[in-house]
Amino acid sequence: FFCPKPMPHLMSATRGFVPAHVATAQRVREVSRDVSHRQGALFMAEQFDYDVIIVGCGVGGHGAALHARSEGLKTAVFSGRDVGGTCVNRGCVPSKALLAAAGRVREMKDAHHLKALGISVEGDITYDRASVAAHAANLANKVKGNLENSLKALGVDVVEAKGVLAGPHKVMGDGKVFTAKDIILAPGSLPFVPPGVTCDEKTVFTSDGGLRLERVPEYVAIIGSGYIGLEFSDVYTALGSEVTFIEAMDRIMPTFDPEIARVAERLLIKPRAIDYRTGVFASKVTPGIPGEKPVTIEMIDAKTKELVEVLEVDACMVATGRVPNTKELGLEELGVETFRGFVQVDENMRVLTKPETEGGEVVPNLYCIGDANGKLMLAHAASAQGVSAIENIKGRKHAVDHNTVPAACFTHPEVAFVGLSEEQAKAKGEKEGFKVGKSIGHFRANSKALAEGEPDGIAKVVVNKDTGDLLGVHIIGLHAADLIQECANAMAAKTPVSELAMMVHTHPTLCEVLDEAFKGAVGRTAH
Ligand SMILES: Cc1cc2nc3c(=O)[nH]c(=O)nc-3n(C[C@H](O)[C@H](O)[C@H](O)COP(=O)(O)OP(=O)(O)OC[C@H]3O[C@@H](n4cnc5c(N)ncnc54)[C@H](O)[C@@H]3O)c2cc1C
Ligand SMILES: NC(=O)c1ccc[n+]([C@@H]2O[C@H](COP(=O)([O-])OP(=O)(O)OC[C@H]3O[C@@H](n4cnc5c(N)ncnc54)[C@H](O)[C@@H]3O)[C@@H](O)[C@H]2O)c1
């Protein structure tokens, strides 16, 4: 995330400190805007302590704060003493640090792969668990520090307290009431622990406990085969654990495109010390005592609810999704009802009194971004929504197109996608009367992948055959998370596949896997 160097500041009579380059850009934009609207906004802003108050300083709140300052808005953030939130402290950042270390261990232990490249490693490959854990913790602290510095450098006031809504335009914290013309809620989410599961965060833990890597259990059960479960299975098996997945749905990786999930099973599950149960709930999980008493997991059939198996393991990770952290926000003060805890918003991130389908109405000057609104629980979506909320506050109507936001799972190899799965596209095609086509590019036919000795994987492009529009792209293979960006940009820019097939891709790169898929989608063959 962006961490600017301290910059010279300009003083603005009504809005506090504004960085020089930002002030210039702002003047240009303001001249082109409706003057009467601007004068109205200035008049309003002067009545409040701030133009905007943001409650929660995860990546969503931080993204909103940075954009607010670049727009010259006087901004305060309530951080609850947790700058960086889930992503930086308990999510994306430490998990990717563990994945990076574990990935190296896996690679260096793979004598067969190394030999193919002409490399041999003498002796055992070892790692120091505490040092791997420290790498993750140190990285999280460093990124958190970067975020804190960026807020300071841009002149955002950080209130360390938790913020609670105290009425329209009012947030209470530290026993004081702060006022702002607009308020953005960004309180994020917490791990979901299903009923019957007891977490001691030592032998039975969520990702919060797992990321501390206090031990590497010999045998670990992971409940849920979504993003968190998969990424942790990658870490644990690389570090020597055996894993059993317990998945409620009737197939492993149910949230991924089925064809990609099948390839993933071949690449990420079968060759590793992993087995799984599907169609079962973990109905009762009882913590153990390391080295003395195992963790017990009772599983019931997802349909009949009959007990089917009791598993004894050294540790159990609960990776069954996340719930919004919205209980103590004071939403009732503004007459806001949540849906399963999620704050309902319209496409402009404006808070609704209840779901739109039940006649929810916009609450003036109140926005909610990130995991707490449940639109898309990803870090970059949270921060994009923060930017979007500020655009709307500035009077420039904006909506994030969530259909073109990419997602990635950082296993080895990675899985990434954007847009609709093939199944979803077909269902849409049937409903709306268009034909769906697909085309696949292969890593095994790619020079760069072969040079790396990593020829496994595919990129699948799903298109509307009638219009040539890209409906979705799904990739499993080396650096899939980077490769997906080209496709997300193409979808956002509405570039038809006929044009993508004519674009020139660097040789030799992994991008040529996409080139092959784009060309295939219009009936051509790649070189
Ligand atoms: C293990 C794991 C790995 C992940 N990996 C990825 C990944 O690789 N890529 C990706 O895109 N996403 C990933 N995610 C998801 C990502 O972390 C979230 O989507 C993202 O953090 C959401 O950002 P947010 O700002 O909405 O909420 P959060 O990051 O949860 O931040 C909300 C903040 O608000 C604070 N807060 C709550 N209430 C108040 C209050 N009343 N006053 C003040 N502060 C308050 C919270 O303490 C927190 O600091 C991962 C999540 C987990 C758990
Ligand atoms: N790389 C990334 O972008 C990344 C990484 C980690 C987390 N995240 C975000 O964090 C969120 C949470 O991740 P997650 O993996 O916990 O959730 P998820 O929704 O991705 O997967 C949860 C899985 O658990 C299963 N499940 C739920 N209850 C169950 C039960 N009682 N017994 C057995 N199985 C059960 C579900 O069927 C599902 O497959 C995700 O929404 C994701 O957006 C993203």
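None of the values given here were measured: they were computed from a predicted structure. Per-chain numbering applies: the sequence of each chain, read as written, is numbered from 1 onward. Ligands are numbered from 1 and chains lettered from A, in the order in which they are written. Side-chain atom pairs in this predicted model are given and counted only at pLDDT of 80 or more, local residue features only at pLDDT of at least 70, and totals for whole chains, interfaces and linings cover all residues. Based on all heavy atoms of the structure, the side-chain values leave hydrogens and waters out of the count.

A. Expanded view of the site of ligand 2. Lining the immediate surroundings of ligand 2 are 25 residues, of which Ile228, Glu247, Gly321, Met377 and Ala408 lie closest. Here a nitrogen atom of ligand 2 and a backbone polar atom of alanine 248 are 3.1 Å apart. In this description, accessible areas are obtained by the Shrake-Rupley approach with a 1.4 Å probe, and a residue is regarded as covered only by the protein chains that are shown. Bound to the protein, ligand 2 loses 82% of the 850 Å² it would expose on its own. Only DSSP runs of H or I covering at least 4 residues are called helices, and only runs of E covering at least 2 are called strands; the numbering of each starts at the N terminus. Secondary-structure elements contributing two or more residues to the shell around ligand 2 are helix H9 (227-238), strand S12 (242-247) and strand S14 (280-286). Basically, the charged four are Asp, Glu, Lys and Arg, the nonpolar ten are Ala, Val, Leu, Ile, Met, Phe, Trp, Tyr, Cys and Pro, and anything else, Gly included, counts as polar. Within the shell around ligand 2, the residues separate by chemical class into 16 nonpolar, 5 polar and 4 charged. Definition of nearness: a residue and a molecule or strand are near each other if at least one heavy atom of the residue lies within 4 Å of the molecule or strand. N or O atoms within 3.5 Å of each other form a polar contact, as long as, within protein, one can give a hydrogen and the other can take it, and as long as residues adjacent in sequence are counted only when both atoms are side-chain atoms.

B. Examining the state of the cysteines more closely. A pair of cysteine sulfur atoms is labelled a disulfide when the two atoms are within 2.5 Å. Evaluated as defined, the whole model comprises 1 disulfide. Linked covalently through their sulfurs, cysteine 87 and cysteine 92 form a disulfide whose S-S length is 2.4 Å. Across the disulfide from cysteine 87 to cysteine 92, rotation about the S-S bond amounts to roughly -135 degrees, and the bridge is consequently left-handed. With no disulfide of its own, cysteine 199 lies 7.6 Å from the sulfur of cysteine 316, the closest cysteine sulfur.

C. A look at the environment of isoleucine 119. Topologically, isoleucine 119 is positioned in the loop between helix H6 (111-116) and helix H7 (129-153). Overall, isoleucine 119 belongs to the partly exposed group, its relative accessible area being 39%. Along the chain, isoleucine 119 and threonine 278 lie 159 residues apart, while their C-alpha atoms are 39 Å from each other. In this scheme, a residue with accessible area under 20% of its type's maximum is buried, one over 50% is exposed, and one in between is partly exposed, where area comes from a 1.4 Å probe on protein chains only.

D. Here's a closer look at the confidence of the model for the protein chain. Residues with a pLDDT of 70 or more make up 91% of the protein chain, whose mean pLDDT is 92. By definition, pLDDT measures how confident the predictor is in each residue, and it falls between 0 and 100. In this description, contact between two residues means that some pair of their heavy atoms is separated by no more than 4.5 Å. Predicted confidence for residues 1-43 stays below pLDDT 50, and this span has 66 contacts to residues more than four positions away or in other chains. Taken over the whole predicted complex, pTM reads 0.92, whereas the ipTM for its chain interfaces reads 0.98.

E. Local environment of the sheet that holds strand S16 (residues 307-313). The strand order S14-S15-S16 describes an open sheet built from 3 strands, whose pairing is antiparallel. Two strands lie at the open edges of the sheet, namely S14 and S16, each paired on one side alone. Averaged over all neighbouring strand pairs, the angle between strand axes comes to 25 degrees, with direction disregarded. Paired strands, in this sense, are two strands between which DSSP finds at least two bridges. Across 6 bridges, strand S15 (residues 295-301) lies against S16 in antiparallel orientation. Its bridge partner being in S16, methionine 299 is matched across the sheet by glutamate 309. Comment: axis = line fitted to C-alpha atoms, over the contacting stretch for helices; angle = value between 0 and 180 degrees taken between N-to-C directions.

F. View of the site of ligand 1. In the vicinity of ligand 1 there are 37 residues, among which Asp82, Thr86, Lys96, Gly163 and Asp371 approach most closely. A distance of 2.8 Å is found between a nitrogen atom of ligand 1 and a backbone nitrogen or oxygen belonging to glycine 163. A distance of 3.3 Å separates an oxygen atom of ligand 1 from a polar atom in the side chain of histidine 380. Here ligand 1 loses 93% of its free accessible area of 1,000 Å² to cover by the protein chains. Elements supplying a minimum of two residues to the shell around ligand 1: helix H3 (59-70), helix H4 (85-90), helix H5 (92-109) and helix H11 (379-393). Considering each element in turn, the shell around ligand 1 owes the most residues, 4 residues, to H4.

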